[in-house]
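Working through the structure, step by step
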Amino acid sequence: MAKQELILAFESSCDETSVAVVENGHKILSNIVATQIASHQRFGGVVPEVASRHHIEQITACINDALLEAQVTYDDLTAVAVTYGPGLVGSLLIGVTAAKAVAWAHHLPLVPVNHMAGHLYAARFEHEFSYPQMGLLVSGGHTELVYMAAPHEYQIIGETRDDAAGEAYDKIGRVMGIAYPAGKRVDEMALQGTDTFHFPRAMEKEDNLDFSFSGLKSAFINTVHNAQQRGEQLDDNDLAASFQASVVDVLVEKTIKALDQYPVKQLILAGGVAANRGLRSRLEKDLVKFHPEVDLLKAPLKLCGDNAAMIGAAAHIGYQYGDRADWSLNAQPGLSL
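The sections below set out a description of the structure shown in this document. Everything numeric here is computed off the predicted structure, so don't read it as measured data.

Rules and cut-offs
- Residues numbered from 1 in each chain as written.
- Predicted model: local features only at pLDDT ≥ 70, side-chain atom pairs only at ≥ 80, totals over all residues.
- Heavy atoms only, no water.
- Helix = DSSP H or I, 4+ residues; strand = E, 2+ residues; numbered from the N terminus.
- Rg over C-alpha atoms; globule rule 2.2 N^0.38 Å.
- Buried < 20%, exposed > 50% of the residue type's maximum accessible area, 1.4 Å probe, protein only.
- Contact = heavy atoms within 4.5 Å.
- Areas by Shrake-Rupley, 256 points an atom, 1.4 Å probe, with all protein chains shown as cover.
- Lys, Arg positive; Asp, Glu negative; His and termini not counted.
- Charge placed at Lys NZ, Arg CZ, Asp CG, Glu CD.
- Pairing = 2+ DSSP bridges.
- Axes fitted to C-alpha atoms, helices over the stretch in contact; angles between N-to-C directions.
- Expected span 1.5 Å × (residues − 1).
- Bend = angle between axes of the 7 residues up to and from the residue.
- Parallel < 35°, antiparallel > 145°, perpendicular 65-115°, else oblique.
- Left-handed = near helix turned anticlockwise from the far one by under 90°.
- Nonpolar A, V, L, I, M, F, W, Y, C, P; charged D, E, K, R; others polar.

Some details on the overall build of the protein
Helix and strand counts for the protein come out as 10 helices and 10 strands. Radius of gyration (C-alpha) of the protein: 20 Å, near the 20 Å computed for a compact globule of 337 residues. When the backbone C-alpha atoms are referred to their principal axes, the protein occupies close to 65 × 45 × 30 Å. For the protein, the residues scored as buried account for 56% of the 337 residues in total. Restricting the contact set of the protein to residue pairs at least 6 apart, pairs at least 24 apart contribute 73%. Here the protein displays about 14,400 Å² of accessible surface, and carbon together with sulfur accounts for 50% of that area. Distance from the positive charge centre (26 side chains) to the negative charge centre (41 side chains) of the protein: 2 Å.

What follows is the structure, encoded as structure tokens:
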């Protein structure tokens, strides 16, 4: 029988304080998430200083709750893992400091984890990984296509040149008067509307795998403001549907183009925007049509947002491959895969 590996994982890269206990990389014993959405809603987005203070307030309780729910003690643990980037520097520092303190006090190895690798490994809780793989990472801060030839190997083959997809959702949501975070509500509205505005599909036909969403955001805002100046009432559901159609078209078409160039066994859809029903549905249909040989692995809906369980899953691979940090580990807000 394989030895039980228990990793205590920390995630605090943005506005979720999370601590989890993960067994052998694929079983969640606990996954405590303290969200800060209510605190940031009145600002229309995450305020870094506010986020950092909330992490300080929540981190100790999250550790205690994670150990209690998993029914383990520090003595049972194999290692401690933590997100050290990318993210908000103040938020990252709280998790890194807490993880280092626990690892030092209990003589445990410390495994540094890239936040984006964590998002990819959220899908590991659904299905065993087979390589080579492709990952479509879509979140509030990142939109990337990642090629993985083997475990622990990441090659970014396409990324956004400006706004990330999730960021664009929040910005147009603000214009529509939708509370932060706007993604889920815009998705719901989009499913009830029609693409009547035909917003631009930036870089759709360009011979690369990169994305751009700032032009779409500007076109949307200009359309709304121009209508307001004319006293014209636009249909919010159609606006949402038109915006989402543009985002989904570009994301899916670039992904299919990537699969044309990089033969893989599996495609992973991960990140906060991976919960978007319009994107999930379109990707499923187009994959069957253009690449039926590729299996689509979707991160579970409850693990699409930031959480420590995904960090524990990624840390399982990192631990096996010898990733270790010493007490000089620091936050790296601009960390790349």
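Quick word on the side chain of asparagine 208
One can find asparagine 208 in the loop between helix 6 (183–190) and helix 7 (214–230). When near neighbours in sequence (up to four residues on either side) are disregarded, asparagine 208 contacts Arg161, Met203, Lys254 and Lys257.

What to know about the sheet that holds strand 3 (residues 27–35)
The sheet built from 5 strands is open, its strands ordered 3-2-1-4-5 with mixed pairing. Of all the strands in the sheet, just strand 3 and strand 5 (110–114) have a single pairing partner and so form its edges. The sheet shows a mean angle of 20 degrees between the axes of neighbouring strands, direction not considered. Where strand 4 (residues 79–85) lies against strand 5, 5 bridges are found, and the strand directions are parallel. Bridge pairing links threonine 83 to valine 113 in strand 5. Relative to strand 2 (residues 16–23), helix 2 (residues 48–70) is tilted by about 25 degrees, and along the sheet it contacts strand 1 (6–11), strand 2 and strand 3.

Quick notes on helix 3 (residues 89–105)
Taking 1.5 Å as the rise per residue, helix 3 with 17 residues should run 24 Å; its terminal C-alpha atoms sit 24 Å apart, in good agreement. Residues of helix 3 that are buried include every one of Ser91, Leu92, Ile94, Gly95, Val96, Ala98, Ala99, Lys100, Val102 and Ala103, and no others. The first or second residue beyond helix 3 is histidine 107, which carries a positive phi of 55 degrees.

Focus on the sheet that holds strand 6 (residues 133–138)
Read across the sheet, 5 strands follow the order 8-7-6-9-10 without closing on themselves; strand pairing throughout is mixed. Strand pairing shows two members of the sheet lacking a second neighbour, strand 8 (155–159) and strand 10 (295–298), which therefore form its edges. Pairs of neighbouring strands in the sheet enclose a mean axial angle of 20 degrees, with direction left out of account. In this sheet, strand 9 (residues 266–270) lies alongside strand 6 in parallel orientation, the contact comprising 5 bridges. Bridge assignment links glycine 135 to a residue of strand 9, and that residue is isoleucine 268. Against the sheet, helix 9 (residues 277–290) engages strand 6, strand 9 and strand 10, with an angle of about 165 degrees to strand 10.

Things to note about helix 2
With 23 residues, helix 2 should reach 33 Å at 1.5 Å per residue; the first-to-last C-alpha distance of 31 Å fits that figure. Helix geometry: helix 2 is bent most strongly at glutamine 58, by close to 40 degrees. Taken together, the buried positions of helix 2 are Ala51, Ser52, His54, His55, Ile59, Cys62, Ile63, Ala66, Leu67 and Ala70. Just downstream of helix 2 lies glutamine 71, where phi reads positive at about 60 degrees.

Here we look at the packing of helix 7 against helix 8 (residues 236–261)
Two numbers describe a pair of packed helices, the interaxial angle and the distance between the axes. Two elements in contact, helix 7 and helix 8, have axes whose closest approach is 11 Å; the angle formed by their N-to-C orientations is 165 degrees. Taken together, the axis directions place helix 7 and helix 8 in an arrangement best described as roughly antiparallel. As for the relative orientation of helix 7 and helix 8, their crossing is right-handed in sense. Two secondary-structure elements touch here, helix 7 through Leu216, Phe220, Thr223 and Val224 and helix 8 through Leu239, Phe243, Ser246 and Val247. Considering only residue class, the contact of helix 7 with helix 8 consists of 6 nonpolar, 2 polar and no charged.

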